[in-house]
Amino acid sequence: MDYLEIEGSKKLNGTITVSGAKNAALPLLTCTLLGKTSVHIDNVPNVADVKTLLQLLENLGAKQSFENNQVTINTSDVNSTCANYDIVRKMRASILTLGPLLARFGHCEVSLPGGCAIGQRPIDLHLKALEQMGALIEIRQGYVIAKAPKSLNGANIVFDKITVTGSENIIMAAALANGITTLSNVAKEPEVVQLCKVLNKGGAIIKGIGTDELEIQGSGGKLLELNDITVIPDRIEAGTYLCAGAITNSDITLKNVASEHLKAVISKLTCMGYKIEKDKNSISIKSSSKILPIDIKTVEYPGFPTDMQAQFMALCTQANGTSVIDERLFENRFMHVSELLRMGADIRLSSHTATVYGPTKLTGADVMATDLRASSALVLAALAAKGKTKIHRIYHLDRGYENLEGKLSMLGASIKRLSE
Ligand code: UD1
């Protein structure tokens with residue numbers, strides 16, 4: 001198993017390029033199940049989650065190639081409707097095949113993803129919405145067995161809670177359904193918006209894109225004519241590297257960034273005293289003369305993203321004062337706290353709130369990655385720590401960060417990937 005060895009306390013400088021967004025690429029790949037012909041997708045991040053999903057789509061019968069961040073995929077020969085446990089257990093987002101498979105074939109069998117390190121993560125809202133569209137759903141032997149004997153029909157759906165992949169699944173199902181579907185309390189994340197735009201261009205008529213109310217005129221079962229797609233930049237990867245600049249109090253620049261997707265993150269960095277400069281596709285962070293503490297509450301987009309909570313917690317250990325971080329989306333998303341404590345952080349947990357006392361001098365240690373974003377928080381802490389940190393179980397990082405050690409090395413970090 002690989003681990004990362006980082007020698008900390010080094011200033012960073014230079015420019016790196018941000019990859020395409022993993023969380024945009026995943027629904028874009030599954031939406032090709034709704035397409036008639038081959039689709040070319042550019043700026044696809046070369047990360048484990050993308051490869052896992054491509055493997056799943058290939059198992060269903062899709063033809064695909066993935067080279068130089070470009071995917072060409074043709075789903076016209078898909079002949080299986082079963083997303084099996086062996087793949088789904090590797091990646092929860094495999095559930096994104098549910099809506100498209102059911103809409104296209106009228107039935108499918110998708111393994112239930114189960115919980116994960118950050119919480120229970122049910123999919124009840126996905127299932128309830130599909131039932132409202134006429135699906136018959138039962139859970140048998142760990143699988144969602146879904147049938148739509150009379151095909152899926154438009155419905156008026158109000159999500160009880162904002163769900164990103166839930167919104168995406170239902171948007172994809174509605175795009176091929178009969179009639180009009182209205183969706184309220186829909187997720188407005190940029191990744192959801194890109195999916196809507198792609199479906200819209202492909203023949204589904206979607207009104208209200210970018211708002212939390214959508215009206216989708218389905219194609220009545222007719223496959224869509226999807227055009228070439230370029231995946232939007234990864235706002236979470238960009239945010240993580242901004243935090244790398246911040247925690248080492250360095251000046252760095254990121255290219256291929258959509259700074260309009262990073263408003264909440266930029267606002268917090270500015271409150272901490274960092275100077276942020278934005279250009280057309282790039283963003284720079286400049287060191288802060290005094291790093292100030294902040295309060296954060298994770299909420300749905302355009303609020304502060306839960307996927308940046310762990311990284312900011314690492315950063316707050318270097319702030320002059322007490323920061324309070326309130327995690328509102330997931331019940332167990334503080335797994336990184338105990339590892340940060342092992343590096344010398346002073347953090348108290350109480351229910352869904354973490355209080356971070358700073359500044360603390362972090363020191364290198366052996367630490368364990370527990371989930372994707374928790375792992376990146378450990379990398380950030382290691383960059384600031386005195387001495388050597390070894391981060392184990394980095395397969396979590398490989399799920400969502402393309403060439404992390406290469407990019408950080410380019411900024412001057414001392415980071416090596418080694419085998420246990
Ligand atoms: C997506 C992102 C993930 C991010 C999360 C929140 C992808 C592939 N993953 O995950 O990186 O952290 O959004 O921004 O895009 N919920 C229910 N019932 C449901 C669905 C969700 O109760 O049927 C709850 C969840 O437990 C959670 C909240 O709703 O508390 C938000 O979850 P959701 O937006 O669905 O997260 P994901 O789409 O799984």
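Look up: the structure comes first, before these words.
Residue numbers run consecutively from 1 along every chain, following the written order of its sequence. Local features in this predicted model are restricted to residues of pLDDT 70 or higher, and side-chain atom pairs are both shown and tallied only at a pLDDT of 80 or more, whereas totals for entire chains, interfaces and linings draw on every residue. Where side-chain values are given, they derive from all heavy atoms of the structure, hydrogens and water being excluded.

1. Some remarks on the pairing of strand β16 (residues 275–278)
By the convention used here, strands pair only if DSSP detects at least 2 bridges between them. Helix and strand assignments come from DSSP, with helices taken as H or I runs of at least 4 residues and strands as E runs of at least 2, each series counted from the N terminus. Inspection of the sheet shows β16 paired to strand β17 (residues 283–286) by four bridges, in the antiparallel sense. For K278, the partnering residue across the bridge sits in β17 and is I283.

2. What to know about unusual backbone geometry
The peptide bond linking Y301 to P302 adopts the cis configuration, its omega dihedral lying at 10°. By secondary structure assignment, the location of P302 is in the loop between β18 (295–297) and α10 (309–316). Even without being glycine, N43 reaches a positive phi, approximately 60°. Mapped onto the secondary structure, N43 falls in the loop between β3 (39–42) and α2 (48–60). The phi torsion at N256 lies on the positive side, around 55°, for a residue other than glycine. Looking at where N256 falls in the secondary structure, it is placed in the loop between β15 (251–255) and α9 (263–271).

3. Describing the sheet that holds strand β21 (residues 353–358)
Ordered by their spatial adjacency, four strands build an open sheet running β18-β19-β21-β20, and the pairing between neighbours is mixed. The open sheet has two edge strands with one neighbour each: β18 and β20 (346–350). Averaged over neighbouring strand pairs, the angle between their axes works out to 15° when direction is ignored. Two elements, β20 and β21, share five bridges in a ladder whose sense is antiparallel. Each bridged residue has a counterpart across the sheet, and for I347 the counterpart in β21 is V356. Every axis in this analysis is a line fitted to C-alpha atoms, fitted for helices over the stretch in contact. Angles between the N-to-C directions lie between 0 and 180 degrees.

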